[in-house]
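Descriptive analysis of the structure
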Amino acid sequence: MSHQQRTTTPGTELGGMFPRVFDTEYVTITRGQGHYVWDADDNRYLDAISGNQNVNIGHGREEIAAAAKEQIETLEYTSSMLFANEPAMEYTAKIAEFTPDGFEHTWLVGSGSEANESAIKMARQYHFERGDERKYKVIGRRRSYHGNTAGAMAVSGFPARKDKMEPLFQNFPKAPSATPYRCPYCDGDGGRECGIERANELERIIQDEGAESVAAFITEPVTGAANAGAYPHDGYFERVREICDEYNVLMIVDEVMAGFGRTGENFGIEHWDVTPDIITSAKGMTGGYTPVGGTMPHRRVVEVFEDLENGFQHGHTYCFNPASAAIGKAVLEYMQARDLVANSRQVGAHLHEELQRLYKYDFVGDIRGKGLMLGIEFVGDRETKAPLEDTGERFQNELFESGLDNSIITYPTGGHVDASKGDLTLLTPPLTIDEADADEIVDRMDATLADVADELGL
Ligand code: PMP
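All of these numbers come straight from a predicted model, not from anything done at the bench. (Residues numbered from 1 in each chain as written. Predicted model: local features only at pLDDT ≥ 70, side-chain atom pairs only at ≥ 80, totals over all residues. Heavy atoms only, no water.)

Focus on the site of the ligand
In the vicinity of the ligand, the residues found are Ser111, Gly112, Ser113, Asn116, Tyr145, His146, Gly147, Glu220, Asp254, Val256, Met257 and Lys283. Residue Ser113 places a side-chain N or O atom 2.5 Å away from an oxygen atom belonging to the ligand. A total of 3 residues in the shell around the ligand trace back to one element, the largest contributor, which is helix H4 (residues 112–129). For the shell around the ligand, the class distribution of residues is 3 nonpolar, 6 polar and 3 charged. (Near = heavy atom within 4 Å. Polar contact = N/O pair within 3.5 Å; in protein donor to acceptor, adjacent residues only side chain to side chain. Helix = DSSP H or I, 4+ residues; strand = E, 2+ residues; numbered from the N terminus. Nonpolar A, V, L, I, M, F, W, Y, C, P; charged D, E, K, R; others polar.)

Structure (structure tokens):
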């Protein structure tokens with residue numbers, strides 16, 4: 001079976017763009033409305049991945065365009081190094097009501113990478129100012145992604161996205177992946193005991209590195225691109241919290257994807273009874289309507305910075321950008337007016353249940369996630385969990401193209417098994433979908449997987 005004809009443009013002919021890949025063909029997306037987007041031939045696609053897990057309120061919302069227009073006409077920019085601005089004050093005050101108790105401040109930046117870069121520096125300076133000048137290492141976890149800037153890469157455990165760049169940054173130590181599906185101690189059902197055992201691996205790394213050199217541990221609560229919807233056994237995050245307290249290590253949770261309602265709670269970590277030291281977020285904060293990220297330290301971290309004459313030694317031109325802040329505030333208001341976090345929880349549970357149907361395909365190994373942050377892991381052998389033979393580019397391209405044939409956009413990813421093998425897709429539709437939309441996603445995924453099976457002989 002060959003794929004449907006769609007108008008595409010080669011990577012070499014995209015105006016003046018330096019494209020991600022020159023040697024590929026791109027479909028041009030021309031417009032979006034709700035949870036659909038259209039290409040240049042007017043083909044409609046169900047956006048089951050919210051753009052890039054960020055268009056959480058759907059495309060084309062007039063309310064957001066109006067808020068952006070009003071703010072840009074009033075004041076598009078002022079430097080946060082020199083002045084205060086009202087939209088930033090109002091937006092961050094609103095975020096403070098949305099975050100868990102103890103989180104009252106947001107350091108507003110332009111992306112998820114910048115939010116994590118800021119968190120890493122904040123953790124380092126926190127210890128420095130408290131006299132722990134030797135603490136600088138930030139331990140990450142294998143099969144995690146925290147961004148593409150040098151600091152964020154240094155803490156990411158995603159070889160496929162960083163191996164060529166590695167000499168450029170500190171490669172900080174990594175705790176093992178904590179995914180139940182591939183847990184070395186159990187078959188995925190080991191519960192708290194396994195959660196605690198996996199967290200204890202972090203303790204051994206801290207001891208090995210020397211606690212006096214470790215500033216922080218960074219983890220996604222529910223993993224995104226690096227492990228599609230995976231999250232640890234219960235007990236894991238609670239034990240991580242204890243370990244961080246014991247060794248004076250800050251706990252940073254990267255909620256760039258999971259935050260702002262994606263998992264059915266305001267923040268992913270709220271599925272567990274754990275209070276981190278720093279929360280980072282981005283993506284859904286502004287629903288894709290403008291680039292924004294945020295670093296949200298707990299009060300106990302903020303206190304260290306309150307008395308500093310020269311403050312936080314960090315900053316960007318676009319920190320606390322008024323236009324972005326006005327858009328972010330409008331997006332949060334849009335979410336709250338429609339109770340989209342609860343919708344994510346409810347419709348997510350429905351979608352998760354209906355997706356079980358896809359286990360009829362032998363190459364579906366695991367369907368997992370929370371709220372509307374769901375993922376599917378594909379395997380060559382369900383019993384042994386061995387990766388597919390066509391693992392990597394061939395399978396993932398086939399999945400994406402077959403998805404387009406069936407009018408649905410998927411997010412193929414992988415490389416989570418043995419550093420290069422393994423195949424996954426995220427399913428992260430806008431938080432505005434209802435159960436009928438969820439059923440449409442399942443129908444389209446079913447048809448997509450049938451085509452993939454045909455094409456690859458699975
Ligand atoms: N952390 C996580 C968990 C992410 O999913 C991403 C983006 N996929 C990032 C950080 C980096 O964010 P950005 O691409 O906005 O820099």
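A look at the packing of helix H7 (residues 191–209) against helix H8 (residues 236–246)
For the pair H7 and H8, interaxial distance at closest approach is 8 Å and the crossing angle is 25°. It follows that H7 is roughly parallel to H8 by the angle criterion. Both H7 and H8 take part in a crossing whose hand is right-handed. From H7, Arg192, Gly195, Ile196, Arg198, Ala199, Asn200, Leu202, Glu203 and Ile206 reach across to H8, where they touch Tyr236, Glu238, Arg239, Val240, Ile243 and Glu246. In terms of residue class, the contact of H7 with H8 is made up of 7 nonpolar, 2 polar and 6 charged. (Axes fitted to C-alpha atoms, helices over the stretch in contact; angles between N-to-C directions. Parallel < 35°, antiparallel > 145°, perpendicular 65-115°, else oblique. Left-handed = near helix turned anticlockwise from the far one by under 90°. Contact = heavy atoms within 4.5 Å.)

Let's talk about the sheet that holds strand E5 (residues 44–47)
If you trace the 4 strands from one edge of the open sheet to the other, you get E3-E4-E5-E15, paired in mixed fashion. At either margin of the open sheet sits one strand with a lone partner, and together these are strand E3 (29–33) and strand E15 (408–409). Bridge count for E5 against E15 is 2 bridges, and the pairing is parallel. Residue pairing in the sheet places Leu46 in a bridge with Ile408 of E15. (Pairing = 2+ DSSP bridges.)

Describing the domain arrangement of the protein
As assigned here, the protein comprises domain 1 (8–61 + 339–456) and domain 2 (65–337). Taken together, the 44 residues of domain 1 in the interface contact 42 residues of domain 2. Summing both sides of the interface, domain 1 and domain 2 together bury roughly 3400 Å²; the carbon and sulfur share of this comes to 55%. When residues of domain 1 are sorted by the area they lose upon contact with domain 2, Lys370, Met373 and Lys385 head the list and together hold 23% of the total. Linking domain 1 with domain 2 are 2 salt bridges, by the criterion used here. Residues Lys385 and Asp187 are paired through a salt bridge, measuring 3.3 Å at the closest nitrogen-oxygen approach. Applying the counting criterion to the domain 1 and domain 2 interface returns 31 residue pairs in polar contact (both at pLDDT 80 or more). Among the secondary structure elements, those contributing two or more residues to the side of domain 1 that touches domain 2 are helix H1 (50–53), helix H11 (340–355), strand E13 (364–370), strand E14 (373–378), strand E16 (411–417) and strand E17 (421–427). Here the side of domain 1 that touches domain 2 gets 6 residues from one element, more than from any other, and that element is E16. Classifying every residue of the side of domain 1 that touches domain 2 by side-chain character gives 15 nonpolar, 20 polar and 9 charged. (Domains from an automatic or database assignment. Buried area = accessible area lost by both parts, 1.4 Å probe. Salt bridge = Lys/Arg side-chain N within 4 Å of Asp/Glu carboxyl O.)

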